[in-house]
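Fold and contact review
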Amino acid sequence: MNEIKRGTVEMTAAMLISGTIGWFVLMSGQAVTGVVFWRCFFGALTLLVICGAMGLLRPGILNLRTFSIAVGGGIAIVLNWLLLFAAYSHASISIATTVYNTQPFMLLGLGALFLGERITFTKLFWLGLAFAGMVVIVEGKPAEAAGSGSYAIGILLSLGAAFFYALAAIAAKWLKGTPPHLIALIQVSTGILMLAPFTNFSAAPQDIGGWSILVTIGVVHTGLMYVLLYGAIQKLPTHLTGALSFVYPIAAIIVDRFAFGHVLGPAQILGAVIILAAAAGMNLGWTLPLPWNRNGGLSKGAAE
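Residues numbered from 1 in each chain as written. Predicted model: local features only at pLDDT ≥ 70, side-chain atom pairs only at ≥ 80, totals over all residues. Heavy atoms only, no water.

Notes on the overall build of the protein
A count of helical and extended segments in the protein gives 12 helices and 0 strands. Sequence-ordered secondary structure for the protein, helices as α and strands as β, is α-α-α-α-α-α-α-α-α-α-α-α. Computed over its C-alpha atoms, the radius of gyration of the protein comes to 20 Å, within 12% of the 19 Å expected for a compact globule of 304 residues. Oriented by its inertia axes, the alpha-carbon framework of the protein measures out at about 60 × 55 × 40 Å. For the protein, with 304 residues in total, the buried portion stands at 49%. Taking as baseline every contact in the protein between residues at least 6 positions apart, the subset at least 24 positions apart corresponds to 87%. Taken as a whole, the protein presents about 14200 Å² of accessible surface, with 69% of it coming from carbon and sulfur. (Helix = DSSP H or I, 4+ residues; strand = E, 2+ residues; numbered from the N terminus. Rg over C-alpha atoms; globule rule 2.2 N^0.38 Å. Buried < 20%, exposed > 50% of the residue type's maximum accessible area, 1.4 Å probe, protein only. Contact = heavy atoms within 4.5 Å. Areas by Shrake-Rupley, 256 points an atom, 1.4 Å probe, with all protein chains shown as cover.)

Remarks on the UniProt feature "domain: EamA" (unreviewed entry) in the protein
As annotated by UniProt and renumbered to match this structure, "domain: EamA" (unreviewed entry) occupies residues 14–138 and 153–283. Helix makes up 82% of residues 14–138 and strand makes up 0%, while its end C-alpha atoms are separated by 29 Å. Note that residues 153–283 is 80% helix and 0% strand, and that its end C-alpha atoms are spaced 27 Å apart. (UniProt positions renumbered as here; feature names shortened; annotations may be inferred.)

Thoughts on the confidence of the model for the protein
Residues at a pLDDT of 70 or more form 92% of the protein, whose mean pLDDT is 87. When the criterion is pLDDT under 50, residues 295–304 qualifies, and its contacts beyond four places in sequence or with other chains add up to 16 contacts. (pLDDT = per-residue confidence, 0-100.)

Some details on a nonpolar patch on the surface
Taken together, the side chains of Leu113, Phe114 and Trp174 make up a nonpolar region of the molecular surface, amounting to roughly 350 Å² of accessible area. Turning to its location among the elements, Leu113 is positioned in helix α5 (residues 103–114). (Patch = residues over 30% accessible without salt bridge, like charges linked within 9 Å, V, L, I, M, F, W, Y side chains within 5 Å. Salt bridge = Lys/Arg side-chain N within 4 Å of Asp/Glu carboxyl O.)

Points about unusual backbone geometry
The phi dihedral of Ser92 falls on the positive side, at around 80 degrees, and the residue is not glycine. Topologically, Ser92 is positioned in helix α4 (residues 64–100). What makes Ser92 buried here is its relative accessible area of 13%.

Here's the deal with the packing of aromatic side chains
According to the stated counting rule, one finds 17 aromatic pairs in the structure shown. Between Tyr100 and Tyr165 the ring centres are 6.0 Å apart and the planes differ by 75 degrees, which places this aromatic pair in the edge-to-face class. Of this pair, Tyr100 sits in helix α4 while Tyr165 sits in helix α7 (residues 150–174), and the two are 65 residues apart along the sequence. Given a relative accessible area of 6%, Tyr100 falls into the buried group. Tyr165 sits in the partly exposed class, given a relative accessible area of 33%. Of the aromatic side chains, those joined through ring pairs into one cluster are Phe37, Trp38, Phe41, Phe42, Phe201 and Trp211. Lying across the ring of Trp81, Arg39 places its NZ or CZ 3.9 Å from the centre. Sitting over the ring of Phe258, Arg257 keeps its end group 5.8 Å from the ring centre. (Phe/Tyr/Trp six-rings, centres within 6.5 Å; stacked < 30°, edge-to-face > 60°. Lys NZ or Arg CZ within 6 Å of the ring centre and 35° of its normal.)

Observations regarding the side chain of Thr66
As for its placement among the helices and strands, Thr66 is situated in helix α4. Owing to a relative accessible area of 11%, Thr66 belongs among the buried residues under this scheme. Residue contacts for Thr66: discarding those within four places in its chain leaves Leu175 and Thr178.

A few points about the packing of α4 against α7
Here α4 crosses α7 at 155 degrees, and the two axes come no closer than 6 Å. With respect to their mutual orientation, α4 and α7 come out roughly antiparallel. Considering the relative orientation of α4 and α7, their crossing is left-handed. Tallied by class, the residues present in the contact of α4 with α7 amount to 26 nonpolar, 7 polar and 1 charged. (Axes fitted to C-alpha atoms, helices over the stretch in contact; angles between N-to-C directions. Parallel < 35°, antiparallel > 145°, perpendicular 65-115°, else oblique. Left-handed = near helix turned anticlockwise from the far one by under 90°. Nonpolar A, V, L, I, M, F, W, Y, C, P; charged D, E, K, R; others polar.)

Some points on the environment of Phe37
Locating Phe37 in the fold gives a position in helix α3 (residues 32–53). Residue classification places Phe37 among the buried residues on the basis of a relative accessible area of 5%. It is 34 Å that separates the C-alpha atoms of Phe37 and Gly140, two residues lying 103 residues apart in sequence. Beyond its immediate chain neighbours, meaning those up to four positions away, Phe37 contacts Ile192, Leu195, Ala196, Thr199 and Phe201.

Here we look at the state of the cysteines
Under the definition given, this model contains 0 disulfides. Of the cysteine sulfurs around Cys40, a residue in no disulfide, the closest is that of Cys51, at 15 Å. Given a relative accessible area of 0%, Cys51 falls into the buried group. (Disulfide = S-S within 2.5 Å.)

Here it is, written out as structure tokens:
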């Protein structure tokens, strides 16, 4: 199997794993803080073994600045998990995951603010399209949610999760050249320290089934997923990584349908398609048929 094929398999597997996490979170029966704490705990154990096997625990790999940025990224990624997991019970896994995929636009703004990246007309177009999809989803709330603020809360929580994911992505850009598995270990270790004071340990599972769900979230959805994701990113061109990332929301919508019977209404489907199309346009560098793009147009990504 060549490197591209191997990377495609790894990326697809990582996104399929990510698409099932909502089911495990809801089936755990734990408070959101508890789920994220145990995700960090078992994820840290898994990543500690992986980093040790890769020789990443030797001194001298990190300096104080790098470590501090990694911790800051860890705070952001843990807040991202807390908000996203909380959104599931308000707006369903499907809607929460779709709205969460507005993260490229959060990164667009933060990149311009902190990294001096240029915002082009094309990027603004995709941002506007994603906002339109958001409006359609908000207006397309199910009838049973009418008069209830829960649906809106779920959408706001998902947007908050996307924002903190974008902050973590900015931190990762500043950590270019640092072993990603080591960054992940620092992130989940930070989560353990953050959430230990807020975790009700007396509410921990009392049976093997409950613990198996939490261990799976930590080992599979964190440790294994990081290994597959980072392995794929190293092998694949950026456009293919971006394209395969859409396996995640599609998988989440399918899991939500068959595990919990949540069916999106026509307006919600339309809004989801608009948001995912806009995110695809951003991730894959699609250009628009603008007057200055004629005579052959710009190549993909030239308007970046």
